[in-house]
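Letter by letter, the chains look like this.
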Amino acid sequence: MTSKDTLTSSVATPWLTPTFNNLVQNSKTGRFAHGLLFTGSAGLGKFKLASRTAKYLLCTNKQESDACGECHSCNLFDAQNHLDFHLLQSESNKAIGIEQVRSLIDSLNERPHLGDNKVVIIKDAQLLTIPAANALLKTLEEPQGNSYLILLARTHHQLMPTLYSRVQHTHIHTPSDEELLSWLAQQQVAVTDKGVLRQFQNCPLVLLNYLNALQSGDASDERRDCVEGLFSLLNRAEMLLDFSQFLASDVESRLQLLFFMFHELHKIKLTGQPLSDDAVYGFALPQLQIWSERVSLKSLRYLCSEILKVRTQLVEHTGLKKELLISALLIKIKNEFKH
């Protein structure tokens, strides 16, 4: 078993506990599905939940509410060396092909090496090709012995309907502001600007990583970088390339950040009121008010739509030329602003 992720972590994830407890209860009552799907935003801990579930299913000395953590099976799992656990994931965001799935099915058809169960986690299940997804259907319909498949994806809409219909779906919701701030405080991280919660859409793990990197000087404040990037774009034509490269280096999150800016510009233009205390760009309100006078509501609606369109294209089709599409988007933005 190999993974870029660490299967166990000392960081508590209390927002996942109710879902895990429900799965344990289902196991005790014989209602545990052989196919599970966990969906939710990146940074919520879907893989952590799937790993904890897999460890529980494989444990040979299950406790009342979790795996024992001490048996031979648990030790092998923690060492990422359990022969009855398989992780199927994409390499460099490429499609998961039928040969990978066939190899997996062959492994599931073998008897368990230890205990009674075999468990598979499929990360980024939306990257399964149609033939690969079809190959999984029979396994989900007629599981071999006690074989369990756990699929992970952002939303269930990303899966083939036939595949989705054969799994038990659980959507992981983000914690509330109060829960998230309390959890961050337990990690010795204080947040005074709620805008950063909105920036990461209340996804705890990715937010914690960012705040730790910011505190240690290993990351810059991307919201301020975005404001400075737009300022440079509107005032110095030669800065288009720099801003384009900044956005292209992390397309998904930074184009989302750009969208937040234009969405909040639209709010200011529409209502004429200051932003709420949890606005992503509340700290830049004076600059946003100046920009709102230079662009029409119609232009803002158009630009919000264009940003989301380009973001979707680049996230779903990784072969596209990122900087070319982003540069074209930035030219549209510049053209919509009045000098």
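Remember, predicted model here, so these are calculated numbers, not experimental data.

So, on to the side chain of Ser107. The topology assignment puts Ser107 in helix H4 (residues 98–108). Ignoring anything within four residues of it in the chain, the contact list for Ser107 reads His86 and Lys118.

With that out of the way, let us pick up the sheet that holds strand S2 (residues 85–88). Spatially, five strands are ordered S2-S3-S4-S1-S5 in an open sheet, and the strand pairing comes out parallel. Each end of this open sheet is capped by a strand with a single partner; those strands are S2 and strand S5 (168–171). With direction set aside, neighbouring strand axes in the sheet form an average angle of 15 degrees. Bridge analysis of strand S1 (residues 35–39) against S5 gives four bridges, and the strand direction is parallel.

On to the confidence of the model for the protein. When pLDDT is averaged across the protein, the result is 91; 96% of the residues are at 70 or more. A low-confidence stretch, residues 1–8 stays under pLDDT 50, and its non-local contacts, those more than four residues away or across chains, total 24 contacts.

Before going further, it helps to examine unusual backbone geometry. Across residues other than glycine, the phi torsion is negative in most instances, and most of the peptide bonds are trans. Even without a glycine there, the phi angle at Asp124 is positive, about 50 degrees. Here Asp124 falls in the partly exposed class, since its relative accessible area comes to 33%. Positive phi, close to 60 degrees, is recorded for Asn202, a residue that is not glycine. Its location among the elements puts Asn202 in the loop between helix H8 (195–199) and helix H9 (204–216).

Take the pairing of strand S3 (residues 117–122) next. When you tally the buried positions in S3, you get six out of six residues, the bulk of the element. Burial along S3 is two-sided: Asn117, Val119 and Ile121 facing one way and Lys118, Val120 and Ile122 facing the other are all buried. On the question of chirality, the crossover connecting S2 to the parallel S3 by way of H4 is right-handed. As paired elements, S3 and strand S4 (residues 146–153) share six bridges and run parallel to each other. Across the sheet, Lys118 pairs through a bridge with Ser147, a residue of S4.

Reading guide: rules and limits
Residues numbered from 1 in each chain as written. Predicted model: local features only at pLDDT ≥ 70, side-chain atom pairs only at ≥ 80, totals over all residues. Heavy atoms only, no water. Helix = DSSP H or I, 4+ residues; strand = E, 2+ residues; numbered from the N terminus. Contact = heavy atoms within 4.5 Å. Pairing = 2+ DSSP bridges. Axes fitted to C-alpha atoms, helices over the stretch in contact; angles between N-to-C directions. pLDDT = per-residue confidence, 0-100. Buried < 20%, exposed > 50% of the residue type's maximum accessible area, 1.4 Å probe, protein only. Right-handed = clockwise from strand over helix to strand, strands pointing away.

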